[in-house]
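# Structural overview
Here's the letter readout for the chains.
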Amino acid sequence: MIVRQVKAADVRNMTFVDWQPGERVNVIFGQNAQGKTNLLEGLWLFTGGKSFRGAKDSELVRLGAREARLQCRFDAEGREQTAEIRIEKRRRATLNGVALSSPTKLTGLFGAVVFSPDHLMMIKGSPELRRRFIDAALCQVSPSYIQTYSEYMHILTQRNALLKDWYRFADDGQLEAWNARLTEAATDVVLARCRYCDLLREKAIAVYDGLSGGKERFSIGYETEKGYAAMTREQITAYWAQALEQSRRADISAGFSTVGPHREDLTVEISDLSARHFGSQGQQRSAVLALKMAEAAVLRERTGEQPIILLDDVMSELDESRQDYLMNHLDGWQVFITCCDPSAIGRLSDGSVFKMENGSLQQV
Ligand code: ATP
Ligand code: MG
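Owing to the predicted nature of the structure, the values given are computational and were not obtained by experimental measurement. (Residues numbered from 1 in each chain as written. Chains lettered and ligands numbered in written order. Predicted model: local features only at pLDDT ≥ 70, side-chain atom pairs only at ≥ 80, totals over all residues. Heavy atoms only, no water.)

### Let's talk about the pairing of strand 6 (residues 91-95)
Filter applied, for reference: Only protein chains enter the calculation, and the probe is 1.4 Å; a residue is then buried if its accessible area is under 20% of its type maximum, exposed if over 50%, and partly exposed in between. Numbered from the N terminus, helices here are DSSP runs of H or I no shorter than four residues, and strands are runs of E no shorter than two. Pairs of strands are assigned from DSSP output, requiring at least two bridges between the strands.
Side-chain alternation along strand 6 places Arg91, Ala93 and Leu95 on a buried face and Arg92 and Thr94 on a face that remains uncovered. In the sheet, strand 5 (residues 79-87) pairs with strand 6 via 5 bridges, with the strands oriented antiparallel. What sits directly across from Ile85, in strand 6, is Ala93. Pairing of strand 6 with strand 7 (residues 98-99), which is carried by 2 bridges, proceeds in the antiparallel orientation. Of the residues in strand 7, the one forming a bridge with Thr94 is Ala99. Here strand 6 folds back onto strand 7, and the loop between the two strands holds 2 residues, one of which, Asn96, carries a positive phi near 50°.

What follows is the structure, encoded as structure tokens:
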């Protein structure tokens, strides 16, 4: 997919922007609070999702304006398409002039992967964020995973409800029945997550190698200490049947399920050390970038469509060679990079540069 033109009217601090980005790397620079992130946020809305900053729709409308309007002309599925988004109280979208029942209908057509500094929590933060990364990425490449995951969560909720009221309604038969169903569902979730990790691995390693100039070794694995990688489906099922049985007493006293894929983690290591506990700022940033770029590469491989890459404020904390890799070696992708420091632009060998100032964008 290639974005050809973006128009934004009354979006955040942008009164009117009419922008034709280049096909390769686009650098948007400017001082703090000028609207660089606002621009990427606007572009991201065409994925059908909400703001990657977690903002409410109403916050996206320029203060004092009634409605925010965005239009994007892009090539996807072999032809030119035009999508429009209007935000008044809520978001409404049209595609090629036809109103969509929901902006989420754009998902799958308009693909994007975003890095924002908040995503560093994916490495620094709790396992929940890493599970969310795998689950969200899986839902994009394998829509059947949505069913697999909801089935697991549904059974988990039912089992937890039983455990919560155990001292009033102790029911061994029912607990066993939930255990059997949870075992099956857990196996499906684990297998899907392990397979996705296998798809990511090589691609993430290649990006990390590029970023670190081959000086550091990157590795990922899903819940590596359990040794899933060497297990068959039957062995994983047997593992969970036993694990649930063994945690019975702990689960009853806690009043919820203390074990399961909802407590598992993606292990990320740099040169054999946990990136979460031992990684430097630059290493953690590089690790997130490697995972995000790998996510994009898997998406491209699986869907045949190439997502755009949005890198918000990615340059800080990266040394020159890592910055150079991002500017000049992400071949074959349409990339949007925001930065404050104009000196970084000097390193761009082939790409387009834009300056954002007080909500107005100009090609440099
Ligand atoms: P930094 O380099 O600090 O990340 P930035 O260029 O990415 O800066 P943005 O976050 O894109 O900055 O823009 C922030 C500016 O947009 C702020 O000055 C803020 O007041 C303004 N802004 C945000 N929402 C709205 C809105 N709904 N209406 C008008 N202005 C807004
Ligand atoms: Mg910003």
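### Section: the site of ligand 1
Inclusion rule: What makes a residue near a molecule or strand is one non-hydrogen atom of that residue sitting within 4 Å of it. Nitrogen and oxygen atoms within 3.5 Å of one another constitute a polar contact, given that in protein one can donate a hydrogen and the other can accept it, and given that sequence-neighbouring residues count only through two side-chain atoms. For every accessible area listed, the method is Shrake-Rupley and the probe measures 1.4 Å; residues are considered covered only by the protein chains on display. Residues are grouped as follows: Ala, Val, Leu, Ile, Met, Phe, Trp, Tyr, Cys and Pro are nonpolar; Asp, Glu, Lys and Arg are charged; all remaining types, including Gly, are polar.
Not every one of the 16 residues close to ligand 1 is listed here, only the nearest: Ala33, Lys36, Thr37, Asn38 and Val61. A distance of 2.8 Å separates an oxygen atom of ligand 1 from a polar atom in the side chain of Lys36. Residue Leu63 places a main-chain N or O atom 2.9 Å away from a nitrogen atom belonging to ligand 1. Protein coverage of the free-state accessible area of ligand 1, which is 660 Å², stands at 71%. Its residues assigned to classes, the shell around ligand 1 shows 4 nonpolar, 7 polar and 5 charged.

### What about the side chain of Asp57?
We apply this condition: When checking whether two residues touch, look at their non-hydrogen atoms; a contact exists if any pair is within 4.5 Å.
Examined against the element boundaries, Asp57 turns out to sit in the loop between helix 1 (36-44) and strand 4 (68-76). Owing to a relative accessible area of 16%, Asp57 belongs among the buried residues under this scheme. Look past the residues within four positions of Asp57 in its chain and what remains in contact with it is Ile87, Lys89, Arg90 and Arg91.

### Thoughts on the pattern of salt bridges
Opposite charge on two side chains allows them to pair when their charged atoms are near. For clarity, the cut-off: Counted as salt bridges are all cases of a side-chain nitrogen of Lys or Arg within 4 Å of a carboxyl oxygen of Asp or Glu.
As enumerated under the stated definition, the model contains 30 salt bridges in all. Note that Asp135 is salt-bridged to Arg193, the shortest N-O span being 2.9 Å. With Asp135 in helix 3 (residues 127-141) and Arg193 in helix 6 (residues 172-212), this residue pair connects regions lying 58 residues apart in the sequence. Each member of the pair, Asp135 together with Arg193, is buried. The salt bridge involving Arg159 is made with Asp251; its shortest N-O contact spans 2.9 Å. Of the two residues, Arg159 is situated in helix 4 (residues 144-164) and Asp251 in helix 8 (residues 248-254); the sequence distance between them amounts to 92 residues. Here Arg159 and Asp251 have matching classes, each one buried. A single salt-bridge network, built from bridges that share partners, covers Arg66, Glu67, Arg86, Glu88 and Arg92.

### Thoughts on the domain arrangement of the chain
Counted only if it meets this: All domain edges in this entry derive from an automatic or database-based domain assignment.
Taken domain by domain, the chain comprises domain 1 (2-111 + 305-363) and domain 2 (123-276). For domain 1 versus domain 2, the distance between C-alpha centres works out to 33 Å.

### Here we look at the packing of aromatic side chains
Keep this limit in mind: A pair of Phe, Tyr and Trp rings is counted when the ring centres sit within 6.5 Å of each other, with Trp represented by its six-membered ring. The angle between the planes then sorts it: under 30 degrees is stacked, over 60 is edge-to-face, the rest tilted.
The final tally for this structure, using the stated rule, is 10 aromatic pairs. Judged by centre distance (5.1 Å) and plane angle (80°), the ring pair of Phe74 and Phe110 falls under edge-to-face. Separated by 36 residues along the polypeptide, Phe74 in strand 4 and Phe110 in the loop between strand 7 and strand 8 (112-115) bring together distant segments of the chain. When its relative accessible area of 0% is taken as the criterion, Phe74 is described as buried.

### Describing helix 11 (residues 320-328)
Of all the residues in helix 11, the buried ones are Arg322, Gln323, Tyr325, Leu326, Met327 and Asn328. Where helix 11 is buried, its residues touch strand 3 (25-29), helix 6, helix 10 (281-303), strand 12 (308-311) and strand 13 (335-339).

### Let's talk about the layout of surface pockets
The cut-off we apply is this: Here a cavity means grid points, on a 1 Å grid over the protein atoms only, where a 1.4 Å probe fits yet cannot get out; a pocket means an open set of points with protein on both sides within 12 Å along at least five of seven lines; lining residues are those with an atom within 4 Å of a point. Grid points are joined across faces, edges and corners, and a volume is the space filled by probe spheres set on the points.
In this structure, the largest pocket encloses a volume near 970 Å³. Along the walls of the largest pocket sit 34 residues, with Trp44, Ala136, Ala137, Gln140 and Glu295 positioned nearest its centre. Secondary-structure elements contributing two or more residues to the lining of the largest pocket are strand 8, helix 2 (121-124), helix 3 and helix 10. Broken down by element, the lining of the largest pocket gets its largest block of residues, 7 residues, from helix 3. Grouping the amino acids of the lining of the largest pocket by side-chain chemistry returns 16 nonpolar, 12 polar and 6 charged. The residue makeup of the lining of the largest pocket includes at least three contributed by each of domain 1 (2-111 + 305-363) and domain 2 (123-276).

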